[in-house]
Amino acid sequence: MSTASQSRIGWASVTPALLWTLVFFIVPFIAMGVMSLSSKDGTWSLAAYAQFFTNPSYWRALTNSLEVTLMVTFFSVLLAYPFAWILAFMVPDRWQRLALMLAVLPFWTSYVVRSYSWLLVLAERGVVNSALVSSGILSAPVQIANTRAATVIGFVHFFVMLLTLTIYANLKQLSPNYRKAATDLGASGFQTFIHVILPLTLPGIMVGAFLTFVLAIGDYITPQILGGNNELLMPQLIMMQIGRRGDFASASALSLILMAVVTLAYLACARWLKIERA
């Protein structure tokens with residue numbers, strides 16, 4: 001096959017993906033950028049961006065989103081790694097597919113339904129408060145629903161399995177010879193984990209953590225339902241600009257700022273992963 005034919009086949013293979021990216025990402029991105037610079041009098045202006053940096057409530061919405069997202073990512077990793085370890089090394093191979101299916105089964109339900117289910121569980125007379133009061137740990141119910149804690153709990157439940165799957169895939173790819181070699185060299189189980197297993201599974205952790213970060217920081221439904229609108233996050237702020245004020249320029253600017261934050265997180269993760277591979 002000639003070089004020209006190979007080139008045509010290559011372009012034919014990537015053209016659908018390029019068109020998809022152009023139509024559903026690049027064009028909307030450019031349109032949003034243009035809209036963020038427009039003003040009501042028909043002139044170009046950076047007022048929408050200036051408003052973000054001069055309005056304390058806008059800046060606080062971003063810091064709230066970052067705080068919640070980082071908490072969710074941290075706790076998700078903390079719970080997902082032991083779960084993935086159990087699935088990979090403690091569950092017999094013949095039962096691992098069934099265990100994974102059972103772990104993923106709750107996620108077959110609607111995202112909104114799960115959010116409202118957590119709202120009922122965390123309510124003042126919900127399962128959690130009832131169990132804590134009946135066991136004597138609390139003398140009276142506490143406010144969990146409609147708080148940041150409820151938002152974090154819901155997010156962690158939603159995303160911990162995503163992290164578990166990425167870490168599990170990494171753990172299953174590791175050769176058992178690594179642990180055997182570390183043991184032969186006199187390393188304890190803890191030393192083997194810290195110096196051998198953990199560094200080799202960090203790429204899987206970072207991939208899952210980044211996906212969790214992206215999905216959590218841009219989520220509107222969970223903070224709206226579980227947070228009870230008591231704390232303003234970036235997705236809520238963007239929706240307010242559209243629904244209450246009809247200010248599409250501000251909504252576009254805030255969306256681009258949020259995308260810039262996600263891009264910075266990606267660059268940080270990509271750079272870190274590159275160092276690890278080296």
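Data block above holds the structure.
A few points about the overall build of the chain
A count of helices and strands for the chain gives twelve helices and zero strands. When its helices and strands are written in sequence order, the chain yields α-α-α-α-α-α-α-α-α-α-α-α. The C-alpha radius of gyration of the chain comes to 23 Å, more than 25% above the 19 Å expected for a compact globule of 278 residues. Dimensions of the chain along its principal axes, counting C-alpha atoms only, are 80 × 75 × 35 Å. The buried share among the 278 residues of the chain stands at 34%.

Topic: the pattern of salt bridges
Throughout the structure, instances matching the rule amount to five salt bridges. E67 is the partner of R148 in a salt bridge, and the nearest nitrogen-oxygen pair spans 2.9 Å. Remark: E67 occurs in helix 3 (residues 56-90) and R148 occurs in helix 7 (residues 148-173); sequence separation between them is 81 residues. On the basis of relative accessibility, which here comes to 22%, the residue R148 falls in the partly exposed class. Residue class for E67 comes out partly exposed when judged on its relative accessible area of 31%. Among the salt bridges present, the one from D93 reaches K172, with a minimum N-O distance of 3.6 Å. Of the two residues, D93 sits in helix 4 (residues 93-104) while K172 sits in helix 7, which places them 79 residues apart along the sequence. For K172, a relative accessible area of 37% puts it in the partly exposed group. Residues joined in a network through salt bridges with shared partners are R60, E67, R148 and E231.

Details of the layout of surface pockets
There is about 220 Å³ of room inside the largest pocket. Around the largest pocket sit 14 residues that line it, and S38, S39, K40, D247 and A249 are the ones nearest its centre. Broken down by secondary-structure element, the contributors of at least two residues to the lining of the largest pocket are helix 2 (47-54) and helix 12 (248-277). For the lining of the largest pocket, the residue count by class is four nonpolar, seven polar and three charged. Taken as a whole, the second largest pocket holds about 180 Å³ of empty space.

Some thoughts on the packing of aromatic side chains
Taken as a whole and assessed by the stated rule, the structure comprises twelve aromatic pairs. Arranged with centres 4.5 Å apart and planes meeting at 40 degrees, the rings of W20 and F24 form a pair that is tilted. Here F24 and W20 lie together in helix 1 (residues 3-36), a separation of four residues that amounts to about one turn. By the burial criterion, W20 is exposed, and F24 matches it. With a centroid separation of 5.8 Å and 80 degrees between ring planes, the pair formed by W85 and F193 is classed as edge-to-face.

What to know about the packing of helix 3 against helix 4
For the pair helix 3 and helix 4, interaxial distance at closest approach is 9 Å and the crossing angle is 150 degrees. Between helix 3 and helix 4, the angle is such that the two are roughly antiparallel. Classified by chirality, the crossing of helix 4 by helix 3 is right-handed. In contact with F83, L87 and A88 of helix 3, helix 4 contributes Q96, A99, L100 and A103. Considering only residue class, the contact of helix 3 with helix 4 consists of six nonpolar, one polar and no charged.

Reading the values: the criteria
- Residues numbered from 1 in each chain as written.
- Predicted model: local features only at pLDDT ≥ 70, side-chain atom pairs only at ≥ 80, totals over all residues.
- Heavy atoms only, no water.
- Helix = DSSP H or I, 4+ residues; strand = E, 2+ residues; numbered from the N terminus.
- Rg over C-alpha atoms; globule rule 2.2 N^0.38 Å.
- Buried < 20%, exposed > 50% of the residue type's maximum accessible area, 1.4 Å probe, protein only.
- Salt bridge = Lys/Arg side-chain N within 4 Å of Asp/Glu carboxyl O.
- 1 Å grid on protein atoms, 1.4 Å probe; cavity = no way out; pocket = protein on both sides within 12 Å on 5 of 7 lines; lining within 4 Å.
- Points joined across faces, edges and corners; volume = space filled by probe spheres on them.
- Nonpolar A, V, L, I, M, F, W, Y, C, P; charged D, E, K, R; others polar.
- Phe/Tyr/Trp six-rings, centres within 6.5 Å; stacked < 30°, edge-to-face > 60°.
- Axes fitted to C-alpha atoms, helices over the stretch in contact; angles between N-to-C directions.
- Parallel < 35°, antiparallel > 145°, perpendicular 65-115°, else oblique.
- Left-handed = near helix turned anticlockwise from the far one by under 90°.
- Contact = heavy atoms within 4.5 Å.

Geometric descriptors of this kind do not, in isolation, establish any biological role.
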